[in-house]
Structures are given as structure tokens and as C-alpha cells.
Amino acid sequence: MTGTDVPVGIGSGRAGTLHGRFEEHARRTPDAVAVRCAGRELSYAELDARADRLARHLAARGLTPGRRAAVAFGRGTEVYVALLAVLKTGAAYVPLEPSAPDPLLRHVLAEADPVLVVTEESHRLRLSDAGARALVCVDPAAAGIAELPSLSPTVAVGPEDPAVVFTTSGTTGAPRCIPIEHRNLLALHRGWYEVYGLSPADRILTTASLEFDVFTSDWVRALCSGATLVVAPRNHTLDRSADIADLPALVASERITVLELNVRTARRLTAHLVASDTAVGAVHDAVTGGPLGGLLSSVRVLTVGADKFWLDEHLMLRQLLGPSTRVINVYGLAEAAVDSTWYEPTGPGDVAGSAQVSLVGVPFPGVRVYVLGPDRAPAPPGTLGEIALAGAGLGRGYLNHADETAQRYAHVAYDPDGRVLLTGDYGRLRPDGVLEFVARASTALGEPDLARPVAAPVTLAAEAAVAGVVAHGVETAARAEALLRAHPGVREAVVTVVQVSPTRRETVGYAVVEPGATGVDGWSLTSYLADRLPEHGTPAAVVPLTELPRTRAGKLDHGALPLPAPADHTAPRRAVGAKGGGGKGGGRTRNTVEARGAGCVGVFVALAFSVLAWVFTDALWPGSTDVSAVPAPYDTYFQVLYLFEWGSFGLGVVWLLAGPGALVELGRPFWLSVATYLSVFWLLASWWPQDNMYRTSAKADWSRQSLLVYVFNVALMVSAAVVVRFMLWDPPAPVRDKRRGRR
């Protein structure tokens, strides 16, 4: 799936850079307002001149092209002076939120390794403690900087040079730093420009914190279009005390035309509009039936992203804002320069099943999107698979982590550029060409490693088998989550796999319930799902919550989810074969009929392949089981050995078919799970061919004997070591701490 138009006109040299594009607007409309925050304004000419002076100051401090400088400021206009100054030196800026927790500050500074940190005096001590090597505080040096000439340093910089270093939110592992080039963001800007219809008349609101990629996308949208960037005084993502009622008032007073919200803030805004009279569509003219107006009437484009935005939520917000406002659901990752696809409803306001689907639409111009099957090739429409992104927005990869870069940024034959980003998100292409977002694998399965392709050399068949198991697990959890969310007393829901004990993992649902709703205790919600889902797809428990735990980025904090009640706290058992069950905390008594049925199938398969091994033994190795020359009772001993060999081979085949699912449930890293899967198969199945080949080989045939030793004996030793490693695996400290509840 490809964007309709390939972006053109990015330019070369300085004209193909972010600051070069900004400078064009500064020359064209010098008096236009570039940035505004709490009544303080900077025109394009003022912002350009101040950035030129600071760039000279930074160049004198050793900031040169190709290097990195962190930018750490509070909310206001000064941060835009600083980041443009860094770009004008030919360096890339690293957004660093000064109010972030100390561990995050230390991690970003260590990963990105900036040569200096541009900041304010009020943040000096904290950033020094976090490990900043060289600090440049602009406020004490303001007088000296103001005396410098307002001419940019003469440097060689172009579209393929890094512009910014994003830091991932860490929802799929430790936060990683990704250099994004000027051309990546300018290509994306061209897509925004076409889809959103950006113009210099726009007033674009930014509510994001400096550390998030949407902060950069907000200023690029505005300052590379000649528009005005309005900075919200409060951060509605990080500041949980910020009143959502302030947002419509700010939009009205600043005449905002374009803004982007994360899903959590969009939900808060929707709830506020429903409960108040500020919604544009809340009151209608008695004659025309059109909206009278409201505090959000100036907004023509509102985009929502950063999490799963359900279609019924999308439609509700569109209805509340009225037909003059376009509400667009956007999807993308920092690794691919923020936004890759967009969806805007065009049909009726009430769509059947909208509470159980999330649509992220079609690619932005210049972006290509694939849905991959288990074989890592593009799958046909309607097939659930991993979403892969390609095109001009792809970043360089992770700083200092070449192995992770090789896993996530895959080289492929089916894309024109030969390179795609494997997102770890699962979706499907609908017949109408719209991309449906289903779930993030790490959220559904509870472990980031389970969603990643293996780096170790394994067979394609084994990798495809495990990838198929992952896709099945994602689809099962997503189906249960959609159904749980559709419950009339549930506002939000998530279904995921959690570690309920050191040796056991369970699929558990979490539901944010409506206050005062009935039938929303854990047992009732579990029974509700059990009555509508097959046994193998029903969560073991549903835990009611007042709110889902969130990370700083507003995304699900998997490690902070509470565990369900122990099994002995369940409700009274139902008759065998009946669905449902549960109790305090949503525990559920599992039906054993299907498990017994699966066990019977396994026994049948094992016996069938054991018999096949017996039948083919003499055909493949004539005389290998002939014990006619062996005296009694030793001949019987050998015949029993042959029975064990055949039975072990049959069990190996059963493991080959059923093993991936069992290993995935145990939550080990992906590479270790695959290695163990193959090792257990070899430990069970190899005895049959091994012993027969030994018995039919000449003792003095040293080449054959050596080959057998390495193919079988050494391989069995390695396999046993892999299984021991799997059993003794201990999660890394950050994952272990998270599971134990330490935040």
C-alpha cells in the first residue's frame, strides 16, 4: 500500500534542510508571528536573527556539523531559538525534557552522547548531576550573544544530514535514540502539507513535551509552512493536574486552526464536550439545523495519535466538533519520522461494529505500508500480520545498537528501497484499502521480545511457525479486548499476558468501568467474555480498574498492571462443560474438556508417528534392529530400547506442532524461545535416526563416525545446554524490577 503521491521539491543543500525551509519563510514574511506562548511572540525575522546569533555562539563552543547537541528548556519560545541554532551549525539536536526523571535523563545523555547541552541556568544543577558533559546556559550569556552578528555560520549541510535524535517511549523495551535526517522530516512535511492543507494562515497549537516526537512534528508543521506555532502553557500529556477545560478556552482565545492530541487527551476532551455546552455540535440552529458555534469552532484539523483510537471514539469526536472540523486518526513510529498513515471517516456517523475496530487508513504521500505474513512477505488483503513501513521517512536506525537496527530495519526484496521498518504492530488491509490497526504484539503478549524476528540462524520454517503463533496470540487477545470494550459498562479495556507467578503466565483482561454501572465486577465481566468467546480465547480473569496505568507518554504501563486474584478466590464452580466462572478479581474456572481433547490428539499423533518410525526403520536402515544374534534376555532389552526410540520420535513430532505456543506462554526472549523449541525437538526426535545410523555404520569408517558425532552427539549437548539456559533465564534488571512493581 503506497501513498498516492511521491513527495517532490525537498531541494538540495541548505534548501533541503529544516532550517533552510524556515529561513525561506523568514525572508518572505519577516513580520509574521512565528512562535507565541502566553502573550510573548517572536516574529519570523526575530526568531531567525536570534537563532543565527546563538548558532555562532555554539559554533565557538565547539559545535560543528555532524555532531549532536541536547536542547533542554521549559515551555516557552526560547527552545525554538535553541533548536534552530543547533541546526544552523550543521549539528543535530537531541530533545531533552529537563523535568524528566533522573534515570531517563541519564539514559538519553549516555545513548545520544551530545557534545554539549544547550539549556537555561535553572536546569544547570539537575543536568550536571545527570551526566551532561558541557553545559551552555543561554540566559547568563544573553548579553554577549546579542552582540554577535545575525549571520548563520557557513557550514556544509544537506538533506541527508541528521536533524534530530528522537528517543523512543520505551513501550517495547529500553528507550532508544534514533537519528532522523532533514529529508525524512521534510518528506513528511510535504505529506502533512497536502493532506492537512497547511498554509501560512494556520495557527498550530502544540501541547507536547520536548521529549516526545510530536513536539518536533508540531514545530516542523508550523515553521516550515510559514504558519504560527502557539505553545500551550500547560502540558496536557505530562501534567496530570492540567484541567482539560482549559484547552477549549485556549483554542478559542488563540484562534487555533490545527492541533494534534494523543489518544488519552482526546478522550478527556470528548468527555468534557459531552458533559458541557462548549461542543460546536451541541446546540443547533432551529432553522438551518447547523451548529451555532463554540470554543472549538476555529479548528479545521484535529489529529489524534500515539495509541489505539477506536472508530466509535473517532466518530463521536467528529460529531461533537461538527462538519467544519476534520478529525484524523494518525499512525506512525518515531523510527519512521512520526506519522505514516492517516484515516478520516467519510461515511455516516454510526457504523456497525465501530466499537470493535480501529482504522488508521492510508499512507501519507511518499510512504509505503505492508502487512506481512508469517513468512515475512506481504500478505493478501484481510490477513492479519505485522505492519511494516517504508519510504522517505525511515530513520537511520538505533544509535549504538546495530543488532537491534538489523532486526527492526529489515532488508527486503519487495520494497523499491529494499528496506522496511518492522513495527511490532499487527493489522490487516481491508478490501477497501484501509489499514486496520489490531494490536501491538508486546502489549497483547506482555513481552517486547516475542514480537521481534530472531537474529540467530534458524530455519525459515521454524521462524514462520513462531511468527504464526505470535500472530494468533495477538488476534486472540485483540478479539477479547474489543469485545470487553464493547460492554456497556466499560469505558476502556486491554487484554494482555501477565506473569501471575514465576512459572506461569495468564491472559488477563483489564477494564476501566463506568462509575455506577452494574455487572462490571471481575466475575461478571469474565463470564460476559466466556459466553461469547471460545474457551481458548477467553482471558483467565478480568480485573476492574478506575484507570489504566500509563507511562509518561500516555501509553499503557504494562509493568504497573495489578495481578488478578489467586485461583482460590474464584466464584463457585460451574458444571463441567459450562462456560464462565470467576470471582473476586475476575478469576475463572477453566473448562478442561478442550484441554483433554487436545491431549488425546497429541497422544494419537505421537502413536501414529511412532508406528511410522517402526515401519520405516528396516526400509531406511536394513538390519539395524535385528537382534537374532543377541542372547536372551539382552535381546529383549534392545527391543525395549527400539520402542523408546520410536516413541521419542513421535513425541518430537508432537512438540514440533505444539511447542511454539507452550514456549511463548512462558515469556522468555524470542531468540531463546526459538532455540529451545528446536533443541527440545532435537533431543526427542534425533535418537531414532542417530542410533540406527550408528548401528549400520562400520566402526572403522572414521569420516562417517566423526560426522555422526558432531551431527548428533555434539548437537545433543548444545541442545541440552540451551534448555538449561531457558530454565535458568532471569529477566534483565529493568524488566525484573517492572514485574515486581518498582516504578
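Note: the structure precedes this text.
Residues numbered from 1 in each chain as written. Predicted model: local features only at pLDDT ≥ 70, side-chain atom pairs only at ≥ 80, totals over all residues. Heavy atoms only, no water.

1. Focus on the overall build of the protein chain
Looking only at helices and strands, the protein chain has 21 helices and 23 strands in total. The long-range fraction of contacts in the protein chain, counting pairs at least 24 apart against all pairs at least 6 apart in sequence, stands at 69%. Total accessible area on the protein chain is roughly 31,200 Å²; 60% of this is exposed by carbon and sulfur atoms. (Helix = DSSP H or I, 4+ residues; strand = E, 2+ residues; numbered from the N terminus. Contact = heavy atoms within 4.5 Å. Areas by Shrake-Rupley, 256 points an atom, 1.4 Å probe, with all protein chains shown as cover.)

2. Description of unusual backbone geometry
Leaving glycine out, the prevailing phi sign among residues is negative, and the prevailing peptide bond configuration is trans. Here the residue pair Ala-632 and Pro-633 is connected by a cis peptide bond, since its omega of 5° sits within 30 degrees of zero. Located in the positive-phi region is Ala-337, a residue other than glycine, with phi close to 60°. Within the secondary structure, Ala-337 is located in the loop between strand E13 (326–331) and strand E14 (341–343). For Arg-376, which is not a glycine, the phi torsion comes out positive at approximately 65°.

3. Regarding the environment of Leu-296
Tracing the backbone shows Leu-296 in the loop between helix H10 (263–275) and strand E12 (301–305). According to the relative accessible area criterion, Leu-296 is buried, its value standing at 5%. Residues Leu-296 and Val-251, 45 residues apart in the sequence, show an inter-C-alpha distance of 6.3 Å. (Buried < 20%, exposed > 50% of the residue type's maximum accessible area, 1.4 Å probe, protein only.)

4. Description of the nonpolar core
Buried together is how nonpolar side chains tend to be arranged in soluble globular proteins. In terms of nonpolar packing, the biggest core is built from 86 residues, with Leu-47, Tyr-80 and Trp-219 touching the most fellow members. Per-element tally for this core: the top contributor is helix H3 (residues 78–88), with 9 residues. If sequence neighbours within four positions are ignored, Tyr-80 has contacts with Val-35, Leu-47, Thr-206, Phe-215, Trp-219, Leu-229 and Val-231. In this structure, Leu-384, Ala-471, Val-490 and Phe-670 belong to the second largest nonpolar core, which totals 28 residues. (Core = buried A, V, L, I, M, F, W, Y, C linked by side-chain atoms within 4.5 Å.)

5. Structural notes on the packing of aromatic side chains
Under the criterion given, the structure shown has 13 aromatic pairs. Aromatic pair Tyr-196 and Phe-364: ring centres 6.1 Å apart, planes at 80°, arrangement edge-to-face. Separated by 168 residues along the polypeptide, Tyr-196 in helix H7 (residues 182–197) and Phe-364 in the loop between strand E15 (358–363) and strand E16 (367–372) bring together distant segments of the chain. Phe-364 carries the same exposure label as Tyr-196, and that label is buried. When the ring of Trp-655 is compared with that of Tyr-677, the centres are 6.5 Å apart and the planes differ by 40°; the resulting orientation is tilted. (Phe/Tyr/Trp six-rings, centres within 6.5 Å; stacked < 30°, edge-to-face > 60°.)

6. Considering the sheet that holds strand E23 (residues 541–545)
An order of E21-E22-E23 is seen for the 3 strands of this open sheet, with the pairing classed as mixed. Both edges of this open sheet fall to strand E21 (490–501) and E23, since each of them pairs with a single strand only. Neighbour-to-neighbour, the strand axes of the sheet open up by a mean angle of 30°, direction not taken into account. Where E21 meets strand E22 (residues 504–513), 10 bridges bridge the pair, whose relative direction is antiparallel. Bridge pairing in E22 links Glu-492 to Val-512. Strands E21, E22 and E23 of the sheet are contacted by helix H15 (residues 522–530), whose axis makes an angle of about 130° with E23. (Pairing = 2+ DSSP bridges. Axes fitted to C-alpha atoms, helices over the stretch in contact; angles between N-to-C directions.)

7. Side note on the pattern of salt bridges
One side chain can pair with another of opposite charge once the charged atoms of both are near each other. Per the stated rule, a full pass over the model turns up 41 salt bridges. Here Asp-425 makes a salt bridge to Arg-440, at a shortest N to O gap of 3.0 Å. A residue pair is termed long-range when its members are at least 10 positions apart, and Asp-425 in strand E19 (residues 419–429) and Arg-440 in strand E20 (residues 435–440) qualify at 15 residues. By relative accessible area, which is 18% here, Arg-440 ends up buried. Here the salt bridges do not stand alone but share partners, grouping Arg-267, Asp-307, Asp-312, Glu-313, Arg-485, Glu-492 and Arg-550 into one network. (Salt bridge = Lys/Arg side-chain N within 4 Å of Asp/Glu carboxyl O.)

8. Re H7
End to end, H7 covers 21 Å across 16 residues, agreeing with the expected 22 Å (1.5 Å per residue, within 8%). Taken together, the buried positions of H7 are His-182, Asn-184, Leu-185, Leu-186, Ala-187, Leu-188, His-189, Gly-191, Trp-192, Val-195 and Tyr-196. (Expected span 1.5 Å × (residues − 1).)

9. Remarks on a nonpolar patch on the surface
Where nonpolar side chains cluster on the molecular surface, the patch consists of Phe-609, Val-611, Leu-612, Trp-614, Val-615, Phe-616 and Leu-620 and spans about 640 Å² of accessible area. Relative accessible area serves as the criterion here: at 46%, Val-615 is assigned to the partly exposed category. (Patch = residues over 30% accessible without salt bridge, like charges linked within 9 Å, V, L, I, M, F, W, Y side chains within 5 Å.)

10. Details of the packing of H3 against helix H8 (residues 213–223)
Where H3 contacts H8, the two axes come as close as 13 Å, and the packing angle between them is 85°. In this view, H3 runs roughly perpendicular relative to H8, as classed from their interaxial angle. Touching Val-79, Tyr-80, Leu-83, Leu-84 and Leu-87 of H3 are Phe-215, Trp-219 and Leu-223, all from H8. (Parallel < 35°, antiparallel > 145°, perpendicular 65-115°, else oblique.)

11. Remarks on the pairing of strand E2 (residues 40–43)
In the case of a regular strand, side chains alternate between the two sheet surfaces. Looking at chain direction, strand E1 (residues 33–37) and E2 are connected through 4 bridges and run antiparallel. Across the sheet, residue Arg-36 finds its bridge partner in E2, namely Glu-41. Two successive antiparallel strands, E1 and E2, enclose a turn made up of 2 residues, where Ala-38 displays a positive phi of approximately 50°.

12. With respect to the pairing of E23
The buried fraction of E23 is high, at 4 of 5 residues. Note that E22 and E23 share 5 bridges and pair parallel. By the bridge assignment for E23, Val-508 is matched with Ala-541. Following the backbone out of E22, through H15 and into the adjacent parallel E23, one traces a crossover that is right-handed. (Right-handed = clockwise from strand over helix to strand, strands pointing away.)

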